[in-house]
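# Descriptive analysis of the structure
Each chain, letter by letter, is given below.
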Amino acid sequence: MAQRTLLLLSLLMVVASIYLTGLVQACYLLGQPALPQLSAEKDIDIGAIFAIHRNALLKVHSFTSKPEPTTCVSLNLREFKFAQTLIFAIEEINNSTELLPGVSLGYRIYDSCGSVAHTIQSGMALMNGYDEILNNMSCFRTPAVLAIIGESTSSPTIGLASVIGPFSLPVISHFATCACLSNRKRYPSFFRTIPSDYYQSRALAQLVKRFGWTWVGTVRSRSDYGNNGIAAFEEAAKQEGVCIEYSEAIFRTDPQEQYLKTVEVIKKGTARVVLAFIALGDFVPLLKIIAQHNITGLQWVGTESWITSRTLAETKEYSFLSGAVGFAVANAKLVGLREFLVNVHPDKEPQNELLKEFWETVFQCSFRKSGSGGCTDLEKLEELQNEYTDVSELRIANKVYTAVYAIAYTLHNILKNIKSSTNSSKGEQPTPQKVLEYMKNVRFTVKTGEEIFFDASGDPVARYDLVNWQPAQDGSLQFTHVGVYDSSLPSEQHQRLQVNQEHMLWAENSGQLPVSMCSESCPPGTRKAVQKGRPVCCYDCIPCAEGEISNGTDSSDCFPCDLEYWSNERKDRCVLKVVEFLSYTEIMGMVLCIFSFIGVLLTAMVSFLFYLHKETPIVRANNSELSFLLLFSLTLCFLCSLTFIGRPTEWSCMLRHTAFGITFVLCISCVLGKTIVVLMAFKATLPGNSVMKWFGPLQQRLSVVSLTLIQVIICVLWLTISPPFPYKNLSYYREKIILECNLGSALGFWAVLGYTGLLSILCFVLAFFARKLPDNFNEAKFITFSMLIFCAVWITFIPAYVSSPGKFTVAVHIFAILASSFGLLFCIFAPKCYIILLRPEKNTKKQMMVKA
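Just so it is clear, the model here is predicted, and its values are computed rather than measured.

Procedures and definitions
- Residues numbered from 1 in each chain as written.
- Predicted model: local features only at pLDDT ≥ 70, side-chain atom pairs only at ≥ 80, totals over all residues.
- Heavy atoms only, no water.
- Helix = DSSP H or I, 4+ residues; strand = E, 2+ residues; numbered from the N terminus.
- Buried < 20%, exposed > 50% of the residue type's maximum accessible area, 1.4 Å probe, protein only.
- Areas by Shrake-Rupley, 256 points an atom, 1.4 Å probe, with all protein chains shown as cover.
- Disulfide = S-S within 2.5 Å.
- Pairing = 2+ DSSP bridges.
- Axes fitted to C-alpha atoms, helices over the stretch in contact; angles between N-to-C directions.
- Salt bridge = Lys/Arg side-chain N within 4 Å of Asp/Glu carboxyl O.
- Phe/Tyr/Trp six-rings, centres within 6.5 Å; stacked < 30°, edge-to-face > 60°.
- Lys NZ or Arg CZ within 6 Å of the ring centre and 35° of its normal.

### Regarding the overall build of the protein
When you go through the protein residue by residue, the secondary structure sums to 22 helices and 29 strands. Classification of the 852 residues of the protein by burial places 50% in the buried group. In the structure as shown, the protein presents an accessible area of about 41,800 Å², 59% of it carried by carbon and sulfur atoms.

### Some details on the state of the cysteines
Applying the stated rule across the entire model yields nine disulfides. The disulfide bridge from Cys-544 ends at Cys-558, spanning 2.0 Å between sulfur atoms. Between Cys-544 and Cys-558, the disulfide has an S-S torsion of -75° and is therefore left-handed. On the criterion of sequence distance, the pair formed by Cys-544 in the loop between strand S22 (539-543) and strand S23 (548-549) and Cys-558 in the loop between S23 and strand S24 (559-560) is long-range, its members being 14 residues apart. The same class applies to Cys-544 as to Cys-558, namely buried. There is no disulfide at Cys-637, and the cysteine sulfur nearest it, in Cys-667, is 4.7 Å away. For Cys-637, a relative accessible area of 0% corresponds to the buried category.

### A look at the sheet that holds strand S27 (residues 578-580)
Within the open sheet, the three strands sit side by side as S27-S29-S28. Their pairing is mixed. Each edge of the open sheet carries a strand with a single partner, namely S27 and strand S28 (725-729). The average undirected angle you get between the axes of adjacent strands in this sheet is 30°. Note that S28 and strand S29 (residues 736-742) share five bridges and pair antiparallel. When the bridges of S29 are listed, Tyr-727 appears paired with Glu-740.

### Section: the sheet that holds strand S10 (residues 190-192)
Strand order in the open sheet formed by six strands is S2-S6-S3-S8-S9-S10, with mixed pairing between adjacent strands. The strands lining the two open edges of the sheet, one partner per strand, are strand S2 (38-40) and S10. Here seven bridges tie strand S3 (residues 44-50) to strand S6 (residues 105-111), and the two strands are oriented parallel to one another. Within S6, the residue paired with Ile-49 across the bridge is Tyr-110.

### What to know about the pattern of salt bridges
Applying the stated criterion across every chain, the model contains 19 salt bridges. The shortest N-O distance in the salt bridge between Asp-572 and Arg-570 comes to 3.8 Å. Look at the salt bridges and you will find they share partners, linking Glu-41, Asp-45 and Arg-108 into a network.

### Quick word on the packing of aromatic side chains
By the definition in use, this model includes 36 aromatic pairs. Aromatic side chains Phe-50 and Phe-82 sit 6.5 Å apart centroid to centroid with 55° between the ring planes, which places their arrangement in the tilted category. In this pair, Phe-50 is assigned in strand S3 and Phe-82 in helix H2 (residues 77-94), connecting sequence segments 32 residues apart. Accessibility expressed as a relative area gives 3% for Phe-82, which makes it buried. Cluster of aromatic residues (ring-pair linked, three or more members): Phe-88, Phe-340, Tyr-401, Tyr-405, Tyr-409 and Phe-444. The ring of Phe-453 has Arg-443 sitting right over it, with the charged end atom 4.0 Å from the ring centre. The lysine or arginine in question, Lys-528, covers the ring of Tyr-539, its NZ or CZ lying 4.9 Å from the ring centre.

What follows is the structure, given as structure tokens:
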């Protein structure tokens, strides 16, 4: 135990002595230092990371010896062009007398080889420098660069921003579009000069919806760029009513089986529109297999990563992409850039292996060979036409150019404030923290006329060009500008998206807009019914129910018409309901009118006949005055039926019921008077009976008047308290309106009808008792039969009246009036007319007085 204590104390003393004497001052890098591929160190340096090579060769390390440097293969001309554009912008700034006067910008450009690990390693090298020895003061010195431009894809940029962010070193990407990078909490020092995919995804959803493509397939990169982009697109597409049939993910390192599986899904899919939210490096292997399988006729929709790729457009194998449409960042023209690009030559930096590799790649030669196949000084870049020398599409290169100027203007503002501030110490230099602070508020206009500034998330204003691939005269494909998307415009009614559809070509160079729907559009008059177990875009078209309409295409619901409206035959418009009432113009109304006029005519003929034979015994029998009054009332009965025909009005409704009640009571009163006269006449023949003096002509008139007056009083009370009125019956039929007369007071109607029925029954009973009185012409028998018909008609009228719908209710009422009127006319007056016309020998007083 004592030995252990002594050993511990001795160790503490050694450590303390080492610390005090400063012996531990440095650490040594075990691996190879990460060196920039292109560099020029000046007063202030800018870092940059580009995927100058597409892939890094993976090596298996034994962990028994120092690992060799990673070898990168497949030079990417586009990324090399980005690097040269950065150098061009820096030299342009250094030659400017207005921006950063007296200060020279340098650069350190690293190659990430398309690898996240290499990107992070390059970022660490740009922060720490590439010294092999670090001492205890290294953490207090200024980083090797004040800002980093890069990387070109989202996943490496996410790794870079995650590592660099805590050190407040600004990272500005020219091509990383993942919306996730707008998260300020995770990436506090990140900026970009290209719009976020948040806007592109929504723009694509609006574009697809604009062309009516509600059934699409999607292919994405299995990376942050593709996964986040498609996720945002799916969310926006769902809001726009667009459905996704399939969503395939691929990556450049996938085996061919994965690509074949994706191609098979595309081939079997029913969607005619495919959205490729995919990086260019992941897209090329897929296109090769699609070309091998000869899959054509698809409408491709692309993103900014490949939609303006000159390499794809100039490859004849990919001609099936003709008609592709997609969003690209705005194009620009950088004056002097082509001259700068073609001026690159390995002789200017003989020790730079990257320039030699570039030269060997573009001219297909080798510096290690002489003679045939060897590189000479006769090669000229200006004679080449490839992705590197082409300056017609500088959309992404312009974003590199803009990123350099954003850093330069930020440094310019910092140095200007340091110079003008009295609190600044002498020799104070910009720091990454200051660059980050000032960059949040930087605002400037580049030579292309574009105003550059960053929002709170470090994003610029989203502006896209809508590009359409159309064939050129030489057989290649050209990028035609056919629209714009500007996020600074109002979002209402899709004002941000403007499309010139007239000048567009579609798949296979067709001028006809492709159709891509799971189900055909439902025409007006139908509604969509989603098919069970399928997306909402797959539906059946169900006709709207009666009384409901849909006046738009692809309506989700049918809407009921207002109470006074009904759907037309096509169910796409509400029209006024048919107003139904018994009119003079329809057949039933005409027939009833004809019978009514026939009744009036017959009554008039009988009256005329009776008037001609008014002195004959058969006319004078039973009070001829009552007979003429009865004929007059029958005429009114026939005529009152006409008041029930035609459009009900306030006056006609009051007239029809009161006229019916009063005329029929007048008629029944006359018949009742005649019945009583028959009874009294036979009573008077008995010895000592003087009953006739109590029921003479005066009493007969008074009885008719008094009985009719009671009905008049009932009608007056009815009209005073609650009169009938026209009423639109909407409940009996859904498809039409029954225009009828509402009774107002049902009690008044049934009182009128009841009083008429009471008199009819009384008349029938008296006539029944008088039917067997001895007489050669006993009128009571005919009155009995007429009352029997009258009562039968009106008893059957009640259930028929209650159960008949609409205008048939009125028809039943008119039929009852006409039937009972004809019954009275024929039963009472036909026998008399028969005797007058055909048996005049019986029309004598003697014959009338003979006992039966």
